[in-house]
Amino acid sequence: MPYFYYDFTYILVIVGMLLCMGASAHVNRVMKKYDKVRNSTGLTGAEAARRILNNEGLYNVQIECLQSDSGDHYDPRTNTVRLAYQNYNSASVTAVGVAAHECGHAIQHAKGYAPLNFRTALVPVVNIGSKLGIPLIILGIILSFNNILIQIGIWAFSLSVLFQLVTLPVEFNASSRAIAKIDQYGLMSTEENTGCKKVLGAAAMTYVAAAASSILQLLRLILLFGNRRRRD
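Residues numbered from 1 in each chain as written. Predicted model: local features only at pLDDT ≥ 70, side-chain atom pairs only at ≥ 80, totals over all residues. Heavy atoms only, no water.

**Focus: the layout of surface pockets**
Over the atoms a probe the size of a water molecule is rolled, and this reveals where empty space is left. Going by this rule: Cavity: a set of points on a 1 Å grid over the protein atoms alone where a 1.4 Å probe fits but cannot get out. Pocket: an open set with protein on both sides within 12 Å along at least five of seven lines, its lining residues, like those of a cavity, having an atom within 4 Å of a point. Grid points are joined across faces, edges and corners, and a volume is the space filled by probe spheres set on the points. In DSSP terms, a helix is any run of H or I states spanning at least four residues, a strand is any run of E spanning at least two, and both are numbered starting from the N terminus. The nonpolar class holds Ala, Val, Leu, Ile, Met, Phe, Trp, Tyr, Cys and Pro. Asp, Glu, Lys and Arg form the charged class, and all remaining residues, Gly among them, are polar.
Here the largest pocket is characterised by a volume of approximately 1,100 Å³. Along the wall of the largest pocket there are 38 residues; nearest its centre are Gly71, Asp72, His73, Glu102 and Tyr207. Every element with two or more residues in the lining of the largest pocket is listed here: helix 1 (10–35), strand 2 (73–75), helix 3 (85–89), helix 4 (93–110), helix 5 (114–142), helix 6 (147–184) and helix 7 (190–231). The leading source of residues in the lining of the largest pocket is helix 7, at 6 residues. Split into classes, the residues belonging to the lining of the largest pocket amount to 14 nonpolar, 14 polar and 10 charged.

If you want it as structure tokens, here you go:
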């Protein structure tokens with residue numbers, strides 16, 4: 001029977017998968033709940049985003065509607081907040097919360113928030129590392145456990161883990177800014193703002209789960225191939 005059937009490190013992969021699945025299920029549940037709650041001001045996600053950006057003097061930041069119900073993000077290359085179709089057009093607590101969060105990233109960009117700048121600088125390197133990491137490890141295994149290729153692959157994979165870790169303060173800070181601006185500009189009532197905090201808090205946990213999963217995968221690679229070197 002092949003060796004990997006006895007590989008106890010698979011438990012790390014399973015734990016990572018469970019963390020991501022649990023976080024994803026939780027955020028979907030919370031977002032759907034508050035997607036049914038209309039905010040008292042009647043502002044759509046797009047309108048709330050425009051109000052925040054204008055009040056912050058960010059008139060140059062554009063707001064675009066995506067043709068899907070996912071993919072909300074801020075693009076620092078074009079100074080554009082892109083909102084999912086539902087969040088762009090809906091006046092729900094979820095829509096305003098998500099829109100405000102993306103505006104939080106735009107504010108970070110405008111103010112030169114260091115973790116965001118660092119994450120942006122990492123993107124091209126991480127894109128290469130994430131594509132080469134696992135293939136290099138597999139190639140190293142095929143070539144009679146070539147330790148040089150395997151180690152390069154692990155280091156390349158480590159870049160994606162670093163990116164996940166840097167993402168955490170960026171996302172948490174954007175949510176903090178979102179809550180503060182919603183309150184400052186009176187975009188929702190106190191009770192609605194509480195619901196918004198739950199939405200953004202649940203979304204933040206997906207990033208925490210993704211980072212934890214990546215760390216566990218990296219730990220598995222280190223344990224597997226560290227043991228292999230000792231046996232050799």
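**A word on the nonpolar core**
Just so we agree on the cut-off: We call a set of buried residues a nonpolar core when its members are Ala, Val, Leu, Ile, Met, Phe, Trp, Tyr or Cys and they connect through side-chain atoms within 4.5 Å of each other. Only protein chains enter the calculation, and the probe is 1.4 Å; a residue is then buried if its accessible area is under 20% of its type maximum, exposed if over 50%, and partly exposed in between. Whether two residues are in contact is decided by their heavy atoms: any pair within 4.5 Å suffices.
With 32 residues, the main nonpolar core has Leu53 and Val81 as its most contacted residues. Where this core is concerned, the elements lending two or more residues are helix 1, helix 2 (45–55), strand 3 (80–83), helix 4, helix 6 and helix 7. Here this core takes 7 residues from helix 4, the largest share from any one element. Sequence-distant contacts of Val81, that is, excluding residues within four places in its chain, are made with Leu53, Val61, Gln62, Ile63, Glu64, His73, Tyr74, Glu102 and Ala106. With 9 residues, the next largest nonpolar core counts Ile150, Ile154, Val161 and Leu224 among its residues.

**Observations regarding the sheet that holds strand 2**
In a beta sheet, neighbouring strands are held together by backbone hydrogen bonds and run either parallel or antiparallel to one another. Test applied: By the convention used here, strands pair only if DSSP detects at least 2 bridges between them. Between the N-to-C directions of two axes lies an angle of 0 to 180 degrees, each axis being a line fitted to C-alpha atoms and, for a helix, fitted only over the stretch in contact.
Reading across the sheet, the 3 strands line up as 1-3-2 and stay open at both edges, with mixed pairing between neighbours. Strand pairing shows two members of the sheet lacking a second neighbour, strand 1 (62–65) and strand 2, which therefore form its edges. With direction set aside, neighbouring strand axes in the sheet form an average angle of 25°. Across 4 bridges, strand 1 lies against strand 3 in parallel orientation. Bridging from a neighbouring strand, Gln62 pairs with Thr80 of strand 3. Sheet strands touched by helix 2: strand 1 and strand 3. Its angle to strand 1, the strand with the most contacts, is close to 170°. Against the sheet, helix 4 contacts strand 2 and strand 3, and its axis sits at roughly 25° relative to strand 2.

**Considering the environment of Phe225**
The residue Phe225 is located in helix 7 in this model. Note: C-alpha distance between Phe225 and Leu187 (38 residues apart in sequence) is 53 Å. Look past the residues within four positions of Phe225 in its chain and what remains in contact with it is Ile137, Ile141, Phe145, Ile150 and Ile154.

**Some thoughts on the side chain of Asn39**
As a reminder of what qualifies: By the criterion applied in these results, polar contacts are pairs of N or O atoms within 3.5 Å in which, for protein atoms, one can donate a hydrogen and the other can accept it, and in which residues neighboring in sequence qualify only through two side-chain atoms.
The topology assignment puts Asn39 in the loop between helix 1 and helix 2. Within the structure, Asn39 has its side chain in polar contact with the backbone oxygen of Ala91 (distance 2.5 Å). Asn39 has contacts with Ala91, Ser92, Val93, Val96, Leu187, Met188 and Glu192, leaving out every residue within four places of it along the chain.

**Some points on the confidence of the model for the protein chain**
Here is the rule: As a per-residue measure, pLDDT tells how confident the predictor is, with possible values from 0 to 100.
When pLDDT is averaged along the protein chain, the result is 89, and 94% of the positions lie at 70 or above. For residues 1–5, every residue scores under 50 in pLDDT, and the model assigns this stretch 3 contacts once sequence neighbours within four places are set aside.

**Points about the pairing of strand 3**
For a regular strand, side chains alternate in direction, first toward one face of the sheet and then toward the other. Residue alternation in strand 3 divides its side chains into two sets, Thr80 and Arg82 and Val81 and Leu83, and both sets are buried. Looking at chain direction, strand 2 and strand 3 are connected through 3 bridges and run antiparallel. Opposite His73, over in strand 3, you have Arg82 as the bridge partner.

**Brief notes about the pattern of salt bridges**
Here is the rule: By convention in these notes, a salt bridge is any Lys or Arg side-chain nitrogen within 4 Å of a carboxyl oxygen on Asp or Glu.
Overall, the coordinates contain 5 salt bridges when judged by the stated rule. Residue Arg82 is joined to Glu64 by a salt bridge in which the shortest nitrogen-to-oxygen separation is 3.0 Å. Residue Arg82 is found in strand 3, and its partner Glu64 is found in strand 1; the two are separated by 18 residues along the sequence. For Arg82, a relative accessible area of 15% translates into the label buried. Here Asp75 makes a salt bridge to Arg77, at a shortest N to O gap of 3.0 Å. Judged by its relative accessible area of 5%, Asp75 falls in the buried class. When its relative accessible area of 76% is taken as the criterion, Arg77 is described as exposed. When salt bridges that share partners are traced, they join Glu64, Asp75, Arg77 and Arg82 into one network.

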